[in-house]
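This is what each chain is made of:
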Amino acid sequence: MENQYFTSDALHVENRAFLLGDAVKVSFFVRNGKLIMDEECYFFLMASMRKMRMNIPLTYTLEFFQSLFQKEIIEGAGIQNGIINFQVFRNNDGVTLSKSSISYFYEVQEMNDVLDVHQRPQELDLIKEINVNNNLLSNIRVHCPENIYGGIYAQENDLDDVILLNPNKRIARTTSGNLLFLEGNVIKVPKQTEGAYISPFMENFVTFLHKNNLADIQEHEIIAFESQKAEEILMISEEKGIFSVGKIRNKTFETSRFSELVKSWRESFNS
């Protein structure tokens, strides 16, 4: 399925997203013809824009985005299930950058069910020649050359993704999402202070597990070697969806328990 693209205005090459990466990206999710987790995603968009000192329009309410996606995506394009990768970028029309107007661009990746685990388990590896920061802007989806480098490294080495470390040589995330490590009844998640993404998608999942006593959720500082100790690993990407990790280097991982946990989470949206 080809992605579909939408913009608020005509795109010009002098826009700051193209020239400087002056943009933030947040995903919204469509399932069975309805937006899900839209409130969490909206507040994450507002928080990301504030961190980047963007001039948030008064029209950017939750109702504005609900109406926009209902009209253009669900009704207009007829998309019933998919991920909306919404990008806001700063224009060059203000007295100062913080007062410049903003425009948006978004693409829609259609899929069968955004809450399904992708069928093919992913093969990952750690990359050590670069690392990602763990500051205020590391947790939001902004321009990140480390992601580009890591993505190319993965392609050249027949990998699906790579695990990125922070300057302390601990696990931060992959190029596209966050990792969850299952050991017994404990699910370890790298702390946001380690460089992990803020993820409304993942937070909804782990909150469901916690409320229903399905797992003990723990935030940790995770050294690279600990990836080999896990029984199962799940990758949750706001941008691409949910993936089981099947292999890291010579270690293979089971996938059944995380699949059952995701299934229980998915069924909670039907009740």
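On a predicted model such as this, the values are computed, not experimentally measured, just so you know. (Residues numbered from 1 in each chain as written. Predicted model: local features only at pLDDT ≥ 70, side-chain atom pairs only at ≥ 80, totals over all residues. Heavy atoms only, no water.)

## Quick word on helix 2 (residues 38-51)
Between its terminal C-alpha atoms helix 2 stretches 20 Å, which fits the 20 Å expected from 14 residues at 1.5 Å a residue. Among all positions of helix 2, only D38, C41, Y42, F44, L45, M46, S48 and M49 are buried. Of the surrounding secondary structure, the elements contacted by the buried residues of helix 2 are strand 2 (23-31), strand 3 (34-36), helix 3 (62-76), strand 4 (82-90), strand 5 (102-110) and helix 5 (200-211). Once helix 2 finishes, R53 follows within two positions and takes phi at roughly 55°, a positive value. (Helix = DSSP H or I, 4+ residues; strand = E, 2+ residues; numbered from the N terminus. Expected span 1.5 Å × (residues − 1). Buried < 20%, exposed > 50% of the residue type's maximum accessible area, 1.4 Å probe, protein only. Contact = heavy atoms within 4.5 Å.)

## Details of the pattern of salt bridges
Going through the model one piece at a time under the given rule, you end up with 13 salt bridges. Salt-bridge contacts for D113 lead to R31; the nearest nitrogen and oxygen are separated by 2.8 Å. Here D113 is found in the loop between strand 5 and strand 6 (122-127), whereas its partner R31 is found in strand 2, with 82 residues between them in sequence. Where E239 meets R141, a salt bridge forms, and the shortest distance between an N and an O atom there is 3.8 Å. You can see E239 sitting in the loop between strand 13 (232-237) and strand 14 (241-248) and its partner R141 sitting in strand 7 (residues 141-142), a full 98 residues away along the chain. Given the relative accessible area of 24%, E239 is considered partly exposed. Each of R16, D22 and R90 takes part in one network of salt bridges that share partners. (Salt bridge = Lys/Arg side-chain N within 4 Å of Asp/Glu carboxyl O.)

## A look at the domain arrangement of the chain
By domain assignment, the chain separates into domain 1 (4-110) and domain 2 (117-268). Here the C-alpha centroids of domain 1 and domain 2 sit 25 Å apart. Opposite the 18 residues of domain 1 that make contact, domain 2 presents 17 residues. Contact with domain 2 buries surface across domain 1, with M37, F44 and K51 losing the most and accounting together for 37% of the total. Our count for the domain 1 to domain 2 interface comes out at 1 salt bridge. The partner of E239 in a salt bridge is K25, with the nearest N and O atoms 3.9 Å apart. Scanning the region where domain 1 abuts domain 2 turns up 6 residue pairs in polar contact (both at pLDDT 80 or more). For the side of domain 1 that touches domain 2, a count of residues per class yields 9 nonpolar, 5 polar and 4 charged. (Domains from an automatic or database assignment. Buried area = accessible area lost by both parts, 1.4 Å probe. Polar contact = N/O pair within 3.5 Å; in protein donor to acceptor, adjacent residues only side chain to side chain. Nonpolar A, V, L, I, M, F, W, Y, C, P; charged D, E, K, R; others polar.)

## Some words on a negative patch on the surface
On the surface, a cluster of negative charge is contributed by E39, E40, E203 and E219. Among the secondary structure elements, E39 is positioned in helix 2. Taking the relative accessible area as the measure of exposure, E39 reaches 44% and is therefore partly exposed. (Patch = residues over 30% accessible without salt bridge, like charges linked within 9 Å, V, L, I, M, F, W, Y side chains within 5 Å. Areas by Shrake-Rupley, 256 points an atom, 1.4 Å probe, with all protein chains shown as cover. Lys, Arg positive; Asp, Glu negative; His and termini not counted. Charge placed at Lys NZ, Arg CZ, Asp CG, Glu CD.)

## Quick word on the environment of I74
The topology assignment puts I74 in helix 3. It is 25 Å that separates the C-alpha atoms of I74 and F243, two residues lying 169 residues apart in sequence.

## Structural notes on the packing of aromatic side chains
Per the stated rule, a full pass over the model turns up 19 aromatic pairs. Measuring from ring centre to ring centre gives 6.3 Å for F28 and F86, while their planes differ by 85°; the resulting arrangement is edge-to-face. Residue F28 is located in strand 2, and its partner F86 is located in strand 4; the two are separated by 58 residues in the primary sequence. What makes F28 buried here is its relative accessible area of 1%. Look at F69 and F86: their rings are 5.9 Å apart centre to centre, the planes differ by 80°, and that puts the pair in the edge-to-face class. Remark: F86 occurs in strand 4 and F69 occurs in helix 3; sequence separation between them is 17 residues. Comparing F69 with F86, the two get one shared label, buried. These aromatic residues form a ring-pair network of at least three members: F28, Y42, F43, Y60, F64, F65, F69, F86, Y104 and Y106. (Phe/Tyr/Trp six-rings, centres within 6.5 Å; stacked < 30°, edge-to-face > 60°.)

## Quick word on unusual backbone geometry
The phi dihedral of N213 falls on the positive side, at around 55°, and the residue is not glycine. Within the secondary structure, N213 sits in the loop between helix 5 and strand 12 (216-220). Accessibility expressed as a relative area gives 69% for N213, which makes it exposed.

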